[in-house]
Amino acid sequence: MARKMRTGALLAAATLLATAATALGSGTASAATSFYTVCRHLSSPSEWEAIAYDQDDHYVGLALFDQDPYGSSPGDALYATDSYADGWGVVAHLSTGRTASTRGHSSPYTAGPVTGDLPEGNHYYLYVEMAKDGASWTLPSCDAYA
């Protein structure tokens, strides 16, 4: 009798596990990638960065805005950098409508500079859009000043 009860309990547990696995799916295979932004300002040279990381804390790329020219680098320039070979492209956006994109290029790759003089002392927003297979993920913006 005890043996029949154990067998019944094992079958019930196996059925419960199979049902849960079916309802929950495979987990990692269907999980969506998520990203987050870290904002940084470097004062010399004056650069504003929106740095993108994935859910596993891998640095995946950035949007960079150079406020003023230095050396041979142009000022008021936007760059997009894709540093992680994960299939996602990086699109850098400035709230003026200016964009730089790494889509269609193998990582590591930096697009830009996309330039044009902006009025001094103005506040802008800089943000990263991650793009892959027609899907996109827009990350929170960072402050930038010209």
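Residues numbered from 1 in each chain as written. Predicted model: local features only at pLDDT ≥ 70, side-chain atom pairs only at ≥ 80, totals over all residues. Heavy atoms only, no water.

## Here we look at the environment of Ala50
Okay, so step 1: Tracing the chain through its elements places Ala50 in strand S2 (residues 46-54).
Okay, so step 2: Residue class for Ala50 comes out buried when judged on its relative accessible area of 0%.
Okay, so step 3: Along the sequence, Ala50 and Leu126 sit 76 residues apart, while their C-alpha atoms lie 6.5 Å from each other.
Okay, so step 4: If sequence neighbours within four positions are ignored, Ala50 has contacts with Thr37, Val38, Gly61, Leu62, Ala63, Leu126, Tyr127, Val128 and Cys142. (Helix = DSSP H or I, 4+ residues; strand = E, 2+ residues; numbered from the N terminus. Buried < 20%, exposed > 50% of the residue type's maximum accessible area, 1.4 Å probe, protein only. Contact = heavy atoms within 4.5 Å.)

## Remarks on the sheet that holds S2
Okay, so step 1: Pairing in this open sheet of 5 strands is antiparallel, and the strands run S1-S2-S3-S4-S7 from one edge to the other. Where the open sheet ends on each side, the last strands, each with one partner, are strand S1 (35-43) and strand S7 (109-114). The mean inter-strand angle of the sheet, taken between neighbouring strand axes irrespective of direction, is 15 degrees.
Okay, so step 2: One ladder, built from 7 bridges, connects S2 with strand S3 (residues 59-66); its direction is antiparallel. Counted as the bridge partner of Ala50 is Ala63 from S3. (Pairing = 2+ DSSP bridges. Axes fitted to C-alpha atoms, helices over the stretch in contact; angles between N-to-C directions.)

## Notes on the environment of Tyr79
Okay, so step 1: Relative to the elements of secondary structure, Tyr79 occurs in strand S4 (residues 77-82).
Okay, so step 2: Taking relative accessible area as the criterion, Tyr79 reaches 15% and is therefore assigned buried.
Okay, so step 3: Linking Tyr79 and Glu49, residues 30 residues apart in sequence, is a C-alpha distance of 9.6 Å.
Okay, so step 4: Ignoring anything within four residues of it in the chain, the contact list for Tyr79 reads Leu62, Ala63, Leu64, Asp66, Pro74, Ala92, Ala100, Thr110, Ala111, Gly112 and Pro113.

## Some remarks on the side chain of Ser46
Okay, so step 1: With respect to the helices and strands, the residue Ser46 is situated in strand S2.
Okay, so step 2: Relative accessible area serves as the criterion here: at 13%, Ser46 is assigned to the buried category.
Okay, so step 3: A distance of 3.5 Å separates a polar atom in the side chain of Ser46 from a polar atom in the side chain of His41.
Okay, so step 4: With residues up to four places along the chain from it excluded, the contact list for Ser46 reads His41, Phe65, Asp66, Gln67 and Asp68. (Polar contact = N/O pair within 3.5 Å; in protein donor to acceptor, adjacent residues only side chain to side chain.)

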